Amino acid sequence: MPGFELWGEEERNEVNDVLETGILMRYGFDALRKGVWKSKELEAAICKRFGSKYAQLTSSGTSALTTAFAALGIGAGDEVIMPSFTFVASFESVLSVGAIPVLVDIDETLTLNPEAVKKAITAKTKCVVPVHMCGSMADLDALMAICKENNLVLLEDACQSIGASYKGRALGTIGEAGTFSFDFVKIMTCGEGGVVLTNNEEVYIKCDGYTDHGHDHKGGADRGADQHPFIGYNYRISELHAAVGLAQIRKLDSFLDIQKRNHGILKNILSAIPEIAFREIPDPDGDSCTFISWFLPTEELTRAAVDELRSQNILAGNFYWYDNNWHYIRKWDHLKSSISLHALGEAQQTALKKLQSQDFSASDAVMSRCISTAISLLWSEEQIREKGERLTSVIKKVLSQHPVTA
Ligand SMILES: Cc1ncc(COP(=O)(O)O)c(C=O)c1O
């Protein structure tokens, strides 16, 4: 997810505007900043590009999720349903508002299996979080129907899928709220940063205050005159980070075009191997194409392919999430054992303990066969063809050594 790959003059110019004024904070100092308001400008650009009524920038994707949960009124004792394959930030943000992460199985969309969501609903469930992993999307029609039927809030974690869409609408703008991450390895980057998107004015106003110590921002130039209608925290983005994002958002559509072209060439090459299956994509036209996620028929074959890629020194850029410490439930012992620097609530600890014995075999059956190949913006067509050929020769080799029996 490589916005950083095309870093250049545009980013430097935007950052320089801020350095010229010396006002690195997004609020206040009105006279000194000489009309430079990069965070406000980026929020307006985000609303325009993604078709969202409101956007609240934050210091990270994680703080965007935390902010969104708080603004949506999710807190102590509430259960939040999320997929077993995600990033640790998803459960971190739930825990940080006092709520309970309920992890459920994924399917070949690589995110929430709607049937698993239905089964996990209890009287305490408040929210469902489809995590649009690896540039593509969840089955949003099915999940929205479940939320509607059960009166649940849908919060989209689109941190990895900036610029992807579902049936013509940008991911992140479809649920009650959505989040993007602008960390260094995202489709567009601020270095660090994130945003909450929402079409609900009340939710937006809460996000605005929550990310800035509860300030109502009604005191004008005097921050000391702001009221605090509720408790908030400091999840502010800095003007320097917003400046980088402003240059990146202008290039986003060209990043997406390059990704789609490179993805198409590589996918064509991989498609020549009948044993390879691809991730299910609910709306293929909306894929941001940052990854190609593909499956081999068995875990044994997939592990053999990973070993062969490693031994040929070409594993980089090919992710076997099943063994990855960040992204899959299998490796989250700290979560399952409630290892936290501060005491977690009793209900949280009880729920987390249950994860130790919960059956995730349906998720294992998907993840143990999945490899995601990251798409670079810098590849030439020749390089893609070369990569594709090396990948296919590895796969053919392992298929010949481990014949698939019906
Ligand atoms: C799915 C998902 N959610 C949330 C985050 C958190 O974003 P950040 O790194 O900006 O805190 C990430 C970051 O990788 C992510 O992949």
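The present account deals with the structure reproduced in this document. Small disclaimer: the values here were computed from a predicted structure and weren't measured.

A few points about the nonpolar core
In terms of nonpolar packing, the biggest core is built from 73 residues, with F69, V80, F85, L155 and W294 touching the most fellow members. At 6 residues, helix 13 (residues 381-401) tops the list of elements feeding residues into this core. Look past the residues within four positions of W294 in its chain and what remains in contact with it is L270, I276, A277, F278, R369, C370, I371, T373, L391 and I395. Grouped together as the second largest cluster of nonpolar side chains are 44 residues, A138, L140, I162 and F182 included.

Details of the site of the ligand
Not every one of the 15 residues close to the ligand is listed here, only the nearest: G61, T62, S181, D183 and K186. Measuring from an oxygen atom of the ligand, one finds a backbone N or O atom of G61 at 2.7 Å. Within the side chain of S181, one N or O atom sits 2.7 Å away from an oxygen atom of the ligand. In the complex, the protein chains occlude 92% of the 390 Å² of accessible area that the ligand would expose alone. Among the elements that make up the shell around the ligand, the one with the highest residue count is helix 3 (residues 61-71) (3 residues). Residues of the shell around the ligand, tallied by class, amount to 6 nonpolar, 6 polar and 3 charged.

Let's talk about helix 9 (residues 299-311)
Under the 1.5 Å per step criterion, the end-to-end length of helix 9 is 18 Å for 13 residues, consistent within 8% with the ideal 18 Å. Three or more residues of helix 9 are buried, namely L301, T302, A304, A305, V306, E308 and L309. Where helix 9 is buried, its residues meet strand 12 (318-319), strand 13 (370-374) and helix 13. In the stretch just after helix 9, N313 is the one whose phi turns positive, near 65 degrees.

Observations concerning unusual backbone geometry
Backbone geometry places K34, a non-glycine residue, at a positive phi of 50 degrees. With respect to the secondary-structure elements, K34 resides in the loop between helix 1 (9-21) and helix 2 (38-50). The backbone of H213 sits at a positive phi, close to 55 degrees, despite the residue not being glycine. Mapped onto the elements of the fold, H213 is located in the loop between helix 7 (201-210) and helix 8 (239-270). Under the relative-accessibility criterion, H213 is labelled partly exposed at 37%.

Focus: the environment of C147
In this structure, C147 sits in helix 6 (residues 140-150). Each C-alpha atom of the pair C147 and H402 lies 44 Å from the other, and the pair is 255 residues apart in sequence. Excluding residues within four positions of it along the chain, C147 makes contact with V128, L152, V153 and L154.

Concerning the packing of aromatic side chains
Evaluation of the coordinates by the stated rule reveals 15 aromatic pairs. The interplanar angle of 10 degrees and the centroid separation of 5.0 Å between the aromatic rings of Y54 and Y204 together place this pair among those described as stacked. Taken as a pair, Y54 in strand 1 (residues 54-58) and Y204 in helix 7 lie far apart in primary sequence, 150 residues in all. The exposure class of Y54 is partly exposed, given its relative accessible area of 21%. Residue classification places Y204 among the partly exposed positions, given a relative accessible area of 21%.

Quick look at the packing of helix 3 against helix 4 (residues 88-96)
Each packed pair of helices is defined by two parameters, the angle between the axes and the distance between the axes. Interhelical geometry of helix 3 versus helix 4 gives an angle of 40 degrees and a closest axis separation of 9 Å. Our classification of the angle between helix 3 and helix 4 gives oblique. Relative to helix 4, the crossing made by helix 3 is right-handed. Contacts between helix 3 and helix 4 pair T62, L65, T66 and F69 from the former with A89, S90, E92, S93, V94 and S96 from the latter. Its residues assigned to classes, the contact of helix 3 with helix 4 comprises 4 nonpolar, 5 polar and 1 charged.

Notes on the pairing of strand 13
Burial analysis of strand 13 places 5 of its 5 residues in the buried class, which makes it a mostly covered element. Going residue by residue along strand 13, you find C370, S372 and A374 tucked away on one face and I371 and T373 tucked away on the opposite face as well. Across 5 bridges, the pairing between strand 11 (residues 291-295) and strand 13 is antiparallel. Opposite I292, over in strand 13, you have T373 as the bridge partner. In this sheet, strand 13 lies alongside strand 12 in antiparallel orientation, the contact comprising 2 bridges. Looking at strand 13, one finds that N318 is bridged to T373.

Description of the sheet that holds strand 3 (residues 100-104)
Pairing in this open sheet of 7 strands is mixed, and the strands run 1-9-8-5-4-2-3 from one edge to the other. Each end of this open sheet is capped by a strand with a single partner; those strands are strand 1 and strand 3. Put simply, the sheet's adjacent strands are angled 25 degrees from each other on average, direction ignored. By the bridge criterion, 3 bridges tie strand 2 (residues 79-83) to strand 4 (residues 125-128) in an arrangement that is parallel. Among the inter-strand pairings, V80 is bridged to a residue of strand 4, identified as C127. Lying over the sheet, helix 2 contacts strand 1, strand 8 (177-181) and strand 9 (194-198), oriented at roughly 135 degrees with respect to strand 1. The strands touched by helix 6 are strand 4 and strand 5 (153-157); relative to strand 5, the strand with the most contacts, the crossing angle is about 150 degrees.

Section: the packing of helix 9 against helix 13
Two elements in contact, helix 9 and helix 13, have axes separated by 9 Å at closest approach and are oriented at 130 degrees. It follows from the interaxial angle that helix 9 and helix 13 lie oblique. Remark: the crossing between helix 9 and helix 13 carries right-handed chirality. Contact with helix 9, carried on its side by L301, A304, A305, E308 and L309, involves L391, V394, K397, V398 and L399 of helix 13 and no other residues of that element. Taken together, the residues of the contact of helix 9 with helix 13 sort by class into 8 nonpolar, no polar and 2 charged.

Thresholds, definitions, all that
- Residues numbered from 1 in each chain as written.
- Predicted model: local features only at pLDDT ≥ 70, side-chain atom pairs only at ≥ 80, totals over all residues.
- Heavy atoms only, no water.
- Core = buried A, V, L, I, M, F, W, Y, C linked by side-chain atoms within 4.5 Å.
- Buried < 20%, exposed > 50% of the residue type's maximum accessible area, 1.4 Å probe, protein only.
- Helix = DSSP H or I, 4+ residues; strand = E, 2+ residues; numbered from the N terminus.
- Contact = heavy atoms within 4.5 Å.
- Near = heavy atom within 4 Å.
- Polar contact = N/O pair within 3.5 Å; in protein donor to acceptor, adjacent residues only side chain to side chain.
- Areas by Shrake-Rupley, 256 points an atom, 1.4 Å probe, with all protein chains shown as cover.
- Nonpolar A, V, L, I, M, F, W, Y, C, P; charged D, E, K, R; others polar.
- Expected span 1.5 Å × (residues − 1).
- Phe/Tyr/Trp six-rings, centres within 6.5 Å; stacked < 30°, edge-to-face > 60°.
- Axes fitted to C-alpha atoms, helices over the stretch in contact; angles between N-to-C directions.
- Parallel < 35°, antiparallel > 145°, perpendicular 65-115°, else oblique.
- Left-handed = near helix turned anticlockwise from the far one by under 90°.
- Pairing = 2+ DSSP bridges.

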